[in-house]
Amino acid sequence: MRFVSTRDRSGRDVSFGEAMFRGLAPDGGLYQPTTDPDLRALIRSFGADMSFVDLAGALIQGLFPEEYDAASARDLALRAFPFAPQLRRLEPGVVLLELFHGPSCAFKDFGASFLAASMEEHLKARGERATILTATSGDTGSAVAQAFHGRENIDVVILYPSGRVSPLQEQQLTTLGGNVLALEVTGSFDDCQRMVKDAFVDEALNDRLNLTSANSINVGRLIPQSFYYIYAFAQLKEEVEDEIVFAVPSGNFGNLTAGVLGWRWGMPVSEFIAATNANDVVPQYLDTGVFTPRPSLKTLANAMDVGNPSNFERLQAIFADGMLDINSLISGVAVSDDLIRRTMRDVWERDGELVCPHTATGVYAARERLAAEPGSDATVVTLATAHPAKFVEVSREAVGVEPEIPERLARLLDLPKESVVIEPTVDALRAVLLDRY
Ligand SMILES: *Cc1c(COP(=O)(O)O)cnc(C)c1O
């Protein structure tokens, strides 16, 4: 499998390794597979008894037959995924695909962990080291930090705005130690992002540290996110036949794009529902055909507060050949904060489950889809993107119930915090990096 930029499909194609270490294409576009391998037979051969690691290994080999044989593909899957998705029936027609059983308790663990395992493998093979440099406003940094923690040949530097992340988020970033350095910046998230950008254009620093990023747009995070859709299909195929529907809580639209890739490779899907919060530019686009990015609005499902989703460019590129109208595969639903609260409360009362505010947008969309077709036996698989314990205040306020904190999060709360406090300037960042590495 080779990759090209969304902005120049006739431009130079690159290997998975090059696309992964570059992150963005040189022209500012996103990397996209040049061709769609036909994995229909492979995907149909997967049964409900197949483990996630075995399924992921088979897909890695199917996608990259020149790079991996069966054994090395399974070995990569094993190193990338020491955790697995779980399916849970919520109510008739609605199945939750729980993606929060990884270390940071959110679905981003799947992409980040695969990226980390692949980068480690490439660097060891070449005898090189690299430094991951990334800024976080709280949530996404923890998946990256945990995924790269303890990997060989890689150091991780995470910048976060002091006093502006939640106590749990701060513990997730600052208690790992080892190859993970947490820089507590006395400024805003925008300062952190600017410092990272400035560091990337500093050639001397780049040469010395071999800087690379682990952004959510990285193909190394995108590709593995398709694996859990295919896993859900394999688990449910006896009952869904070809009528599976996925409801996907969406912000930057990486998760949904990965599902669409799985469909391109041969997973039978009848529909994807893009569930957003009040940041509804994609549902609007699906309704009107006009894409109007806007500044983001703050909502209860804050990991989806995106007004200009980067992966929209990938979705457009996928449908650009005109073979299929995007509306025949993807529909959109925007869910207000009020409906998020009501859905969380109602799921608790009806099903005895707490769902996080992001997952609630998907459940709302799934229920609306089923209600529109009474008597249909469709199954809507709703991606449960985070554990409710990451959003204690919202649960308390919306449902009046405190989620139980999983052991892997509770443990962090007692560990000593280790961070280096720095001024919000690239000079301060450069000084720390040169001193440490
Ligand atoms: C990042 C995130 C989302 C949105 O995923 P995208 O791939 O950006 O659409 C949804 N829910 C949670 C909990 C997240 O962390």
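Residues numbered from 1 in each chain as written. Predicted model: local features only at pLDDT ≥ 70, side-chain atom pairs only at ≥ 80, totals over all residues. Heavy atoms only, no water.

A.B. asks: Help me understand the layout of surface pockets, please; the structure alone is not making it clear to me.
C.D. replies: If a probe the size of a water molecule is rolled over the atoms, the empty space left behind becomes visible. For the second largest pocket, the calculated volume is near 270 Å³. Lining the second largest pocket are 16 residues, and of these Phe100, Glu353, Leu354, His387 and Pro388 sit closest to its centre. Grouping the amino acids of the lining of the second largest pocket by side-chain chemistry returns nine nonpolar, three polar and four charged. (1 Å grid on protein atoms, 1.4 Å probe; cavity = no way out; pocket = protein on both sides within 12 Å on 5 of 7 lines; lining within 4 Å. Points joined across faces, edges and corners; volume = space filled by probe spheres on them. Nonpolar A, V, L, I, M, F, W, Y, C, P; charged D, E, K, R; others polar.)

A.B. asks: Quick question: what am I supposed to make of the pattern of salt bridges here?
C.D. replies: In this structure the tally under the stated criterion is 33 salt bridges. One salt bridge connects glutamate 353 with arginine 88, and the closest N-O pair in it is separated by 3.4 Å. Pair noted here: glutamate 353 is in the loop between α14 (337-351) and α15 (357-371) and arginine 88 is in strand β3 (residues 86-91), with a separation of 265 residues, a long-range link. For glutamate 353, a relative accessible area of 18% puts it in the buried group. Residue arginine 88 is classed as partly exposed on the basis of its relative accessible area of 34%. With its nearest N and O atoms 3.0 Å apart, the salt bridge here joins glutamate 373 to arginine 369. Three or more residues joined by partner-sharing salt bridges are found here, namely Asp75, Arg79, Glu120, Glu121 and Arg151. (Salt bridge = Lys/Arg side-chain N within 4 Å of Asp/Glu carboxyl O. Helix = DSSP H or I, 4+ residues; strand = E, 2+ residues; numbered from the N terminus. Buried < 20%, exposed > 50% of the residue type's maximum accessible area, 1.4 Å probe, protein only.)

A.B. asks: Please explain the site of the ligand as it appears in this structure.
C.D. replies: In the vicinity of the ligand there are 15 residues, among which Lys108, Gly251, Asn252, Phe253 and Thr385 approach most closely. Here an oxygen atom of the ligand and a backbone polar atom of glycine 254 are 3.1 Å apart. In this structure, a nitrogen atom belonging to the ligand sits 2.9 Å away from a side-chain N or O atom of threonine 385. Bound to the protein, the ligand loses 96% of the 380 Å² it would expose on its own. For the shell around the ligand, the class distribution of residues is six nonpolar, seven polar and two charged. (Near = heavy atom within 4 Å. Polar contact = N/O pair within 3.5 Å; in protein donor to acceptor, adjacent residues only side chain to side chain. Areas by Shrake-Rupley, 256 points an atom, 1.4 Å probe, with all protein chains shown as cover.)

A.B. asks: It is not clear to me how the sheet that holds strand β12 (residues 379-384) should be interpreted in this structure. Could you clarify?
C.D. replies: The strands making up a sheet are joined through hydrogen bonds of the backbone, oriented either antiparallel or parallel. In spatial order, the strands read β3-β4-β12-β9-β10-β11; together these six strands make up an open sheet with mixed pairing. Among the strands making up the open sheet, the edge pair consists of β3 and β11 (330-334). Strand-to-strand twist across the sheet, computed as the mean angle between neighbouring axes with direction ignored, equals 25°. Sitting on the sheet, helix α11 (residues 254-264) is in contact with β9 (244-249), β10 (271-276), β11 and β12, with an inclination near 175° to β10. Its contacts with the sheet place α15 against β3, β4 (94-98), β9, β10, β11 and β12, and it is angled at close to 170° to β12. (Pairing = 2+ DSSP bridges. Axes fitted to C-alpha atoms, helices over the stretch in contact; angles between N-to-C directions. Contact = heavy atoms within 4.5 Å.)

A.B. asks: I tried to follow the pairing of β10 on my own but got confused; where do I start?
C.D. replies: On any regular strand, side chains alternate: one points to one face of the sheet, the next to the other face. Within β10, six of the six residues are buried, which leaves the element mostly enclosed by the surrounding structure. Here β10 shows no split at all, with Glu271, Ile273 and Ala275 on one side and Phe272, Ala274 and Thr276 on the other all buried. Inspection of the sheet shows β9 paired to β10 by five bridges, in the parallel sense. The residue bridging valine 248 from the neighbouring strand is alanine 274, located in β10. Read as a crossover between parallel neighbours, the route from β9 over α11 to β10 is right-handed. Note: β10 against β11, five bridges, orientation parallel. (Right-handed = clockwise from strand over helix to strand, strands pointing away.)

Without other data, these values stay purely geometric and don't point to any function.
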